[in-house]
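Residue strings, one per chain:
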Amino acid sequence: MLTTRPRGTADILPGQVENWHYIENVAARVCREYGYREIRTPIFEHTELFVRGVGENTDIVEKEMYTFQDRGERSITLRPEGTASVVRAYLENKLYAGPQPVKAYYIGPMFRYDRPQAGRYRQFHQFGIEVFGAQQPAVDAEVMALAMDFYGRLGLNDLELHINSLGCPECRNVVREKLQQFFQPVLGELCANCQNRYARNPLRILDCKSNRCTELAREAPTTTDCLCLECRAHFDQVQQYMQDLGIPYVLDKRLVRGLDYYTHTAFEIMAPDIGAQSSVGGGGRYNGLIEACGGPPTPGIGFALGLERILLALESRGKLPDIQAGPVVFLVAVGDRAVRESFSLLARLRAAGIAADMDYQGRSLKAQMKYAGKLGVRYTVIIGEDELQKGSVVLRDMTAGSQRDIPADQIISALK
Ligand code: AMP
């Protein structure tokens, strides 16, 4: 146990962490360009927040939360998603009293007690955005455009954007009733899970992955068929904006999302080639959520994208950049005096902004050169007795395999 990490978690090692920085930097840049500012909320919250904010009848709340009692006997939950916390922060810090809309983004770990497999973990990372206080269809389009722009900048241009509208609570009541009528005669044939969903949340039957339920649901009424005039107009305009932006999408009437609080636009982004867990992100509008969490009636919309799956997609397409994150220069010193000289040169190189390192093991010249090669440095600077006598150093270009003598006091400018 001492040397084994918990199931469904990962170590992100040096050499891999550079890929994470790369993705996080692209996310931060896109957000900045779209006017979204970063927010950081706690990793854990009061359990009630998620019960209310994610919804009691969701898989997350029913079976996936990491919940525990703290020493003060409060029920605490490791956040399974980001939206509820951002809503809480918006209310607690009275951000609704400032300029609207509030446009925020976050990047960080989420925790769900899920069955681990490729692309599905118990600790995973999401990049998400939220817009509070704007209900125009253009905002729905902006949110989806931002997601697709982000993927595009990473070189993921072949992902599929699926969109649907779930309508307002009134449309939901209509479709709920129609679905119950539709499934009533075959209720006994649905899986146990869906028999449960039938009464509480029949929409989720459309989302069931079991073969029999999928087959039974083939001709079922969909939310899109039940939209009221206002919701239909909203959805038409969202699609018009997407067409104006030239962003391709698939109208997917079967798309319902796991969370209870979605209204109007719902979307999901798929990378069909990364395995069974093909959803690389999803989101939608949740106009009732902020009020449900005790705030003033406020429209909201957002998305969450899974960073591990984005990495899988980048890897499978060979789109990860080759990032050189180690030192650029390695000082090879032979002899006590040379080691001392090198140590102070090392400090000067670093002060000049050049990533540099040296040997601390007292290795031979050959062993130091071999180590420098393994580090993948661009240059080595070799200092021995001879060089000390001459007041020079040997600068070796590791890629070209060439080297030259240069005066010791010119090494920094030469490297720059
Ligand atoms: P959700 O919050 O469930 O809508 O998920 C949004 C995105 O987060 C998904 O499209 C996935 O890319 C990612 N995601 C959700 N759950 C997991 C998980 N257990 N492991 C890895 N990624 C996940």
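Residues numbered from 1 in each chain as written. Predicted model: local features only at pLDDT ≥ 70, side-chain atom pairs only at ≥ 80, totals over all residues. Heavy atoms only, no water.

Visitor: So what's going on with the site of the ligand? Residues and values would help.
Guide: Taken together, 14 residues lie around the ligand, and R112, Y121, Q126, R257 and S279 are the ones closest in. At 2.9 Å, a backbone N or O of Y121 approaches a nitrogen atom of the ligand. Burial of the ligand by the protein amounts to 90% of the accessible area it has alone, namely 480 Å². Going through the elements one at a time, strand 6 (123-132), strand 10 (279-285) and strand 11 (300-306) are the ones with two or more residues in the shell around the ligand. The biggest single contributor to the shell around the ligand is strand 10, with 3 residues. Looking at the shell around the ligand residue by residue, the classes come out as 4 nonpolar, 5 polar and 5 charged. (Near = heavy atom within 4 Å. Polar contact = N/O pair within 3.5 Å; in protein donor to acceptor, adjacent residues only side chain to side chain. Areas by Shrake-Rupley, 256 points an atom, 1.4 Å probe, with all protein chains shown as cover. Helix = DSSP H or I, 4+ residues; strand = E, 2+ residues; numbered from the N terminus. Nonpolar A, V, L, I, M, F, W, Y, C, P; charged D, E, K, R; others polar.)

Visitor: Help me get a handle on the domain arrangement of the protein, residues and values and all.
Guide: Under the domain assignment used here, the protein contains domain 1 (17-168 + 228-316) and domain 2 (329-415). In this structure, domain 1 and domain 2 have C-alpha centres spaced 49 Å apart. (Domains from an automatic or database assignment.)

Visitor: Tell me what's going on with the sheet that holds strand 2 (residues 44-46), and back it up with residues and numbers.
Guide: Reading across the sheet, the 3 strands line up as 2-4-3 and stay open at both edges, with antiparallel pairing between neighbours. Here the strands that pair on one side only, and so sit at the sheet edges, are strand 2 and strand 3 (66-69). Put simply, the sheet's adjacent strands are angled 35° from each other on average, direction ignored. Pairing geometry for strand 3 and strand 4 (residues 75-78), over 4 bridges, is antiparallel. Paired with F68 across the strands is I76, a residue of strand 4. Contacts between helix 2 (residues 47-54) and the sheet are confined to strand 2, strand 3 and strand 4, with strand 2 contributing the most and set at about 80° to the helix. (Pairing = 2+ DSSP bridges. Axes fitted to C-alpha atoms, helices over the stretch in contact; angles between N-to-C directions. Contact = heavy atoms within 4.5 Å.)

Visitor: Can you explain the packing of aromatic side chains? Please cite residues and give values.
Guide: Across all of its chains, the model carries 11 aromatic pairs by this definition. One Lys or Arg, R122, reaches over the ring of Y113 and ends 3.9 Å from the middle of that ring. Directly above the ring of Y371 sits R363, whose terminal nitrogen or CZ lies 4.3 Å from the centroid. (Phe/Tyr/Trp six-rings, centres within 6.5 Å; stacked < 30°, edge-to-face > 60°. Lys NZ or Arg CZ within 6 Å of the ring centre and 35° of its normal.)

Visitor: Describe the UniProt feature "binding site: L-histidine" (unreviewed entry) in the protein, with residues and values.
Guide: Mapped onto the present numbering, the UniProt feature "binding site: L-histidine" (unreviewed entry) falls on E81, G82, T83, R112, Q126, E130, R257, Y261 and Y262. With respect to the element layout, E130 can be found in strand 6. With a relative accessible area of 1%, E130 lands in the buried category. Every residue in contact with E130, bar those within four places of it in the chain, is listed here: Y36, G82, T83, V86, V102, K103, A104, Y106, Y286, I301 and G302. A residue is classified by how much of its surface remains accessible, and Y262, at 6% relative accessible area, is buried. Leaving out residues up to four positions away in the same chain, Y262 has contacts with L166, R172, R257, G283, G284, R285 and Y286. (UniProt positions renumbered as here; feature names shortened; annotations may be inferred. Buried < 20%, exposed > 50% of the residue type's maximum accessible area, 1.4 Å probe, protein only.)

Visitor: Tell me what's going on with unusual backbone geometry, and back it up with residues and numbers.
Guide: The omega angle of the peptide bond from Q100 to P101 is -5°, so this bond is cis rather than trans. By the element assignment, P101 lies in the loop between helix 4 (83-92) and strand 5 (102-111). Phi angles above zero are rare outside glycine, and E73 is one such case at about 60°. In this fold, E73 is placed in the loop between strand 3 and strand 4. Judged by relative accessible area, E73 falls into the exposed class, the value being 63%. Its identity is not glycine, yet H264 carries a phi of approximately 55°, on the positive side. Here H264 is to be found in strand 9 (residues 263-270). Assessed through its relative accessible area of 12%, H264 is described here as buried.

Visitor: Any details on the pattern of salt bridges? Residues and values, ideally.
Guide: Inspection of the entire model under this criterion finds 26 salt bridges. Its salt-bridge partner being K209, residue D207 comes within 3.7 Å of it at the nearest N-O pair. According to the relative accessible area criterion, K209 is exposed, its value standing at 69%. Measuring nitrogen to oxygen at the nearest pair gives 3.6 Å for the salt bridge that ties R378 to D397. In this pair, R378 sits in the loop between helix 13 (365-375) and strand 14 (379-383) while D397 sits in strand 15 (residues 392-397), placing the two residues 19 residues apart along the sequence. (Salt bridge = Lys/Arg side-chain N within 4 Å of Asp/Glu carboxyl O.)

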